[in-house]
Amino acid sequence: MNNSASLAKENDEDKEVFIDVNGIPIYFSEDWNVGIGGGLWSTGKALSCYFANHAEQLSSNLMKLKARCKQMSAPGVSALELGSGNGFLSIVLAAALKQQGYIGIDELVVTDFADHLPLISRTVGANSHIFKDKSDGIITSSQCKNCQIYVVEHQWGVESVEPVLLDKKI
C-alpha cells in the first residue's frame, strides 16, 4: 500500500478525485468565489501529506489519548479546525485515520466564517464515504464510535455561536 498522499485526477460518479490518501479518494473542488478560504493553499497540501505519511503515529497517539480520557472519565477526543475555509484538512485527517482502521475522534468540528460554511458542507458531504463501511454503508464502532461532524461558524474575537450539526451521527 502506498503510504503517501498523491495527487490524482479521475472522474467517479461526477466527482473529481483531488487527492488519494493511502487508497482513500478525497473529493474536493476549489471555489474562490467564497473568498480566500475557497482554495487550497500550499500549506494545506503540505499538511495533508503529513497526515497521510504519519497516519499510524496519529492513530496511535489518539488511541493513547482516548485511553487517558477514559481513565479520567473525560468526555472523549475532539478535533477542531479553526478557519477551515473548505473542510479539506479535516477530511484528509479523517481519511488518514480511517486507513489505519480507526478514526478515533468523537467530534470533528470544522469552523470558518458563515460564507464558507456551504463549501465546507459540500466537501464533507462529497467525502461521506470516509465515514461509512464499504460492505453495508454503516459505520462500525471500530471505525468511528459516536463520531459527530459539526460545521460551525466562527468569527475571530466574537463569542461563540451555537454549533450547527451537519449530519446526524454519520
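Our subject is the structure listed above.
Residues numbered from 1 in each chain as written. Predicted model: local features only at pLDDT ≥ 70, side-chain atom pairs only at ≥ 80, totals over all residues. Heavy atoms only, no water.

(A) Local environment of the overall build of the protein. Across its full length, the protein holds 5 helices and 8 strands. Each helix (α) and strand (β) of the protein, taken in turn from the N terminus, gives the series β-β-β-β-α-α-β-α-β-α-α-β-β. Within the span of the protein, comprising 170 residues, buried residues form 41% of the whole. Accessible surface for the protein amounts to roughly 9600 Å². Of this, 54% is attributable to carbon and sulfur atoms. (Helix = DSSP H or I, 4+ residues; strand = E, 2+ residues; numbered from the N terminus. Buried < 20%, exposed > 50% of the residue type's maximum accessible area, 1.4 Å probe, protein only. Areas by Shrake-Rupley, 256 points an atom, 1.4 Å probe, with all protein chains shown as cover.)

(B) A look at the pattern of salt bridges. Going through the model one piece at a time under the given rule, you end up with 2 salt bridges. Of the charged contacts, one joins D31 and R122 as a salt bridge, the two residues approaching to 3.2 Å between their closest N and O atoms. You can see D31 sitting in the loop between β4 (24-27) and α1 (42-53) and its partner R122 sitting in helix α4 (residues 117-126), a full 91 residues away along the chain. The shortest N-O distance in the salt bridge between D106 and K66 comes to 2.9 Å. A residue pair is termed long-range when its members are at least 10 positions apart, and D106 in the loop between α3 (88-99) and β6 (107-112) and K66 in helix α2 (residues 55-71) qualify at 40 residues. (Salt bridge = Lys/Arg side-chain N within 4 Å of Asp/Glu carboxyl O.)

(C) Spotlight on a nonpolar patch on the surface. Together, L80, L82, F113 and W156 make up a nonpolar patch on the protein surface, roughly 450 Å² of accessible area in all. By secondary structure assignment, the location of L80 is in strand β5 (residues 78-81). (Patch = residues over 30% accessible without salt bridge, like charges linked within 9 Å, V, L, I, M, F, W, Y side chains within 5 Å.)

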